[in-house]
There are 2 protein chains.
Amino acid sequence: MEQLFVIKIGGNVIDDTNSLNFFLKDFAAISAKKILVHGGGKIATKIGEQLGIQSNYVQGRRITDEATIDLVTMVYGGLVNKKIVAKLQSLQCNAIGLTGADANIIPAIKRPVKDIDYGFVGDITKEKMAVMNLEILLNNNFTMVVAPLTHDGNGQMLNTNADTIASSLAVALSESYYVRLIYCFEKKGVLENVEEDHSVISLITREKYQQLLIDKKLFDGILPKIDNAFAAISSGVKEVLIGDANDLLQNVTSNTKGTLIK
Amino acid sequence: MEQLFVIKIGGNVIDDTNSLNFFLKDFAAISAKKILVHGGGKIATKIGEQLGIQSNYVQGRRITDEATIDLVTMVYGGLVNKKIVAKLQSLQCNAIGLTGADANIIPAIKRPVKDIDYGFVGDITKEKMAVMNLEILLNNNFTMVVAPLTHDGNGQMLNTNADTIASSLAVALSESYYVRLIYCFEKKGVLENVEEDHSVISLITREKYQQLLIDKKLFDGILPKIDNAFAAISSGVKEVLIGDANDLLQNVTSNTKGTLIK
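Because the structure is predicted, anything quoted here is derived from the model rather than measured.

K.L.:
Sorry if this is basic, but what is going on with the interface of chain A and chain B here?
P.N.:
The accessible area lost on association of the parts is a frequent measure of interface size. Listed by partner, the interface residues are 32 residues for chain A and 32 residues for chain B. For the side of chain A that touches chain B, the leading source of residues is helix H4 (residues 66–90) of chain A, giving 13 residues.

Structural data, given as structure tokens:
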């Protein structure tokens, strides 16, 4: 099976032009097939404030109202996505920027209203993903740059978490490719001691994870990430790497830095 | 040769949700291969005003400064483009939204400064267009929806006139396809009497054009459009149709409405 990297970057990379350019240079240099998924960063909040769009929270959860879905469609799907695409093209990487609506790559349904109405938030309908279109683009050496947006199939754009977009793409393509899913975040990896940046656990298997849970070595915020990683692996992804953007891409084919989960 | 329609819509369609939806329904129903090029409409100006971005004019020409290129990248490349894509997907049209940076389909150079510095405006470098990428997308039945944006190959997005984007795409693909270039605008076609909406000239050949010029029958504003049409035809486009969006698509394969230039 041919290798495919699905790499997700968030605000800590996107919001800093130097970090972003440094990352994109490493990303463009990966010779294997690759997909980049980006979050939004702080720029959407900043532009939203300038436009007088209030951030709405209910029970601590952000609500995507009509003004907000237009805002993130502009900022994530337009400004952030196209800046990345133009930069990658300048590095001879044949980038093509997409949302989940483009080529119908990531259809979703508006999250059903239970206790909270999240508004225009999309839950991905994995069985409807246009895997054939993804494969056509990959096979023709396009490097997809994917914004954290989906659509409902009835003409409505929806806001979807970038981590979820990345794992859905990784899972959807795992039948055809040997997929490594890479989450770049603000830490060097999963830490045995959250106070100690260099206490990176280099490999987590299911057995190791159980032991770490028993030993209460992991900080709370990391548990969902590891759970998501194992969920992706259960669905066909070969391995998940978590760590710092710049570390990870310097040795993207090995795993000397960050935490490898398999 | 297989037929290809390259259709350009402007503000008068984009700014009115009913007109846009009506147009997109007709567009989606075209069974031949097709590309949609859209302008920006008034929404960019409105959002620009809310963001405190001044429209800058020098000698009556709009200048694209740094804030403005970010604005149009957001609004044209994000908001307008993705709304159209999501709507077309809901109509079973496999739309994929692109700027000139995506897949490097329309490279450009920043317009050289002579009397006026236009700022981040791109003049298309036709000989560098990634025609192969355009053909891959067309041959795989993706319907490209193209925003009026290009890039300079060094990481900078550029603002480019939608009419020019449409004619450049039409010309670039005229070696492989029988291309009809369609400009939708606010009138029913080229009018013999500008005061009379129904005085549409149904066919303009070069000979007819010379005669119309001699007879001074044409209003000034239409001359550049006709000149551009003949320039496209000289470069390989088979025919150019000019007229009202809704009229044109109702009979897109014939020419019973609007003005056909060939």
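K.L.:
Help me understand unusual backbone geometry in this model?
P.N.:
Note: most peptide bonds trans; most residues except glycine with negative phi. Positive phi, close to 55°, is recorded for Ala103(A), a residue that is not glycine. Here Ala103(A) lies in the loop between strand S5 (95–98) and strand S6 (108–110). Under the C-beta neighbour-count criterion, Ala103(A) is labelled buried, with 27 such atoms within 10 Å. The backbone of Asn104(B) sits at a positive phi, close to 55°, despite the residue not being glycine. Among the secondary structure elements, Asn104(B) is positioned in the loop between strand S5 (95–98) and strand S6 (108–110). Residue class for Asn104(B) comes out buried when judged on the 24 C-beta atoms lying within 10 Å of it.

K.L.:
What should I look at first to understand the sheet that holds strand S14 (residues 259–261) of chain B in this one?
P.N.:
Strands pair in a sheet through their backbones, by hydrogen bonds, and they do so in one of two ways: parallel or antiparallel. Residue and element names in this part refer to chain B. Strand order in the open sheet formed by eight strands is S5-S8-S2-S1-S11-S13-S14-S12, with mixed pairing between adjacent strands. Two strands in the sheet have a free side with no partner beyond their single neighbour: S5 and strand S12 (203–204). Direction of pairing for strand S11 (residues 177–184) relative to strand S13 (residues 239–243): parallel, over a ladder of five bridges. Considered in S13, the bridge of Ile182 is made with Leu241. The strands touched by helix H8 (residues 223–234) within the sheet are S11, S12, S13 and S14, with S13 carrying the most contacts at an inclination of about 160°.

K.L.:
What am I meant to see in the sheet that holds strand S1 (residues 2–9) of chain A here?
P.N.:
All names here are of chain A. Strands sit in the order S5-S8-S2-S1-S11-S13-S14-S12 across an open sheet of eight strands; the sheet is mixed. Two strands close off the open sheet at either side, each with one partner strand: S5 and strand S12 (203–204). Sheet topology places strand S2 (residues 33–38) next to strand S8 (residues 143–146); two bridges connect them, and they run parallel. Across the sheet, residue Val37 finds its bridge partner in S8, namely Val146. Across the sheet, helix H8 (residues 223–234) touches strand S11 (177–184), S12, strand S13 (239–243) and strand S14 (259–261), and the angle it forms with S13 is around 160°.

Criteria and thresholds
Residues numbered from 1 in each chain as written. Chains lettered and ligands numbered in written order. Predicted model: local features only at pLDDT ≥ 70, side-chain atom pairs only at ≥ 80, totals over all residues. Contact = placed C-beta atoms within 7 Å. Helix = DSSP H or I, 4+ residues; strand = E, 2+ residues; numbered from the N terminus. Buried ≥ 20, exposed ≤ 12 C-beta atoms within 10 Å, placed from the backbone. Pairing = 2+ DSSP bridges. Axes fitted to C-alpha atoms, helices over the stretch in contact; angles between N-to-C directions.

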